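Geometric and topological summary
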Amino acid sequence: SHILPESQHVAVEIDASVVDAAFTCGLVIPPTQQLTQGDGLTYVPPPQPPSSSQQPLEYVCIDVFDGDNIMPPEFYSMDFLQHVYTTLLSSKEGIVLHNFHTGSDKLTRQLEDAKHMYTQVFSEGTVLTVESFRSNGSSGGNTILVASKSSHQLLPREGRDEGEQG
């Protein structure tokens, strides 16, 4: 929000104590930042009056892990991804950035399973993975799965038609 001060940020946290701590420590700066206590699996933005200037979500970032550093499979299930695609990303060109930990066979299989599910749900768009700069298979790291509703949105500028924005 410091780089794009007009942008709106919404976070959903299941742990009420984390939400309380964020507000107590001044980590949430209304009105451009919102932090809601709830379950990210079922989150639905509150309805806005027709006069509201609030736009649909353009980006959804998912960063969820259990105590064993594993992504709960519900967060890349068909039901959840369809919810993200149809309910949260109401924009025609919405993008999901989904963080996965890597570095073991189990984590690699999980990322492959998630990519397969994303490819099914975002079938008209683009799905790709990007390893973090310091990630490697032996010591672990992070890989970001990127899914776009638009098939041309993640192309380099020179790969787009004349006049396209993005």
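Our subject is the structure listed above.
Notes on the sheet that holds strand β5 (residues 126–131)
- Overall, mixed pairing links the four strands, which are arranged β3-β4-β6-β5 in an open sheet. Every other strand in the sheet has two partners, leaving β3 (59–62) and β5 as the edge strands with one partner each. Across this sheet, the average inter-strand angle for adjacent strands is 20 degrees, counted without regard to direction.
- In the sheet, strand β4 (residues 95–102) pairs with strand β6 (residues 141–148) via eight bridges, with the strands oriented antiparallel. Bridge pairing links I95 to S148 in β6.
- Of the strands in this sheet, β3, β4, β5 and β6 touch helix α3 (residues 105–121), which is tilted by about 165 degrees from β4.

Considerations on the packing of aromatic side chains
- Throughout the structure, instances matching the rule amount to four aromatic pairs.
- Taken together, a centroid distance of 5.2 Å and an interplanar angle of 70 degrees make the contact between F75 and F80 edge-to-face.
- Overall, the relative accessible area of 11% leaves F75 in the buried class.
- Between Y85 and F122, the aromatic rings sit 4.9 Å apart at their centres with planes inclined by 85 degrees, giving edge-to-face as the arrangement. Here Y85, found in helix α2 (residues 78–88), pairs with F122, found in the loop between α3 and β5; they are 37 residues apart in sequence, far enough to count as distant.

Focus: the environment of F122
- Since its relative accessible area comes to 1%, F122 is described here as buried.
- For the pair F122 and Q82, spaced 40 residues apart in sequence, the C-alpha to C-alpha distance is 8.8 Å.
- Apart from residues lying up to four places away in sequence, F122 is in contact with Y85, L89, V96, V127, A147, S148 and K149.

Points about the pairing of strand β1 (residues 9–13)
- Summarising the sheet, β1 and strand β2 (residues 33–37) pair through five bridges and their orientation is parallel. Considered in β2, the bridge of H9 is made with Q33.

Side note on the packing of α2 against α3
- Look at α2 against α3: their axes get within 10 Å of each other, and the N-to-C directions meet at 45 degrees. With respect to their mutual orientation, α2 and α3 come out oblique. Remark: the crossing between α2 and α3 carries right-handed chirality. The residues of α3 that touch α2, namely those facing M78, L81, Q82 and Y85, are M117, Y118, Q120 and V121.
- Partitioned by chemical class, the residues of the contact of α2 with α3 number six nonpolar, two polar and no charged.

Observations concerning the environment of T143
- Inspection of the secondary structure puts T143 in strand β6.
- Sequence spacing of T143 and T102 is 41 residues, and the spatial spacing of their C-alpha atoms is 6.6 Å.
- Here T143 is in contact with H98, N99, F100, T102, L111, T129, V130 and E131, once residues within four sequence places are set aside.

Scoring rules and cut-offs
Think of each chain on its own: its residues are numbered from 1, step by step along the sequence as written. Thresholds applied to this predicted model are a pLDDT of at least 70 for local features of residues and 80 or more for the giving and counting of side-chain atom pairs; totals over whole chains, interfaces and linings are not thresholded and use all residues. To get the side-chain values, take all heavy atoms of the structure and skip hydrogens and water. Between any two strands, pairing holds if DSSP finds at least two bridges. Secondary structure elements are defined from DSSP: runs of H or I of at least 4 residues count as helices, runs of E of at least 2 residues count as strands, and each element is numbered from the N terminus. The axes are straight lines fitted to the C-alpha atoms, using for helices just the contacting stretch, and the angles between their N-to-C directions are given from 0 to 180°. Here, two residues are considered to be in contact whenever any of their heavy atoms come within 4.5 Å of each other. Ring geometry is summarised as follows: Phe, Tyr and Trp rings, the Trp one being its six-membered ring, pair when their centres sit within 6.5 Å, and such pairs are stacked at plane angles under 30 degrees, edge-to-face over 60 and tilted between the two. Type-normalised accessible area, obtained with a 1.4 Å probe on protein chains alone, sets the label of each residue: buried when under 20%, exposed when over 50%, and partly exposed for intermediate values. Each angle is binned into one of four classes, with values under 35 degrees roughly parallel, values over 145 roughly antiparallel, values of 65 to 115 roughly perpendicular, and all other values oblique. Note: crossing handedness is left-handed where the near helix turns anticlockwise from the far helix by less than a right angle, and right-handed where it turns clockwise. Under the scheme applied, nonpolar residues are Ala, Val, Leu, Ile, Met, Phe, Trp, Tyr, Cys and Pro; charged residues are Asp, Glu, Lys and Arg; polar residues are all the others, including Gly.

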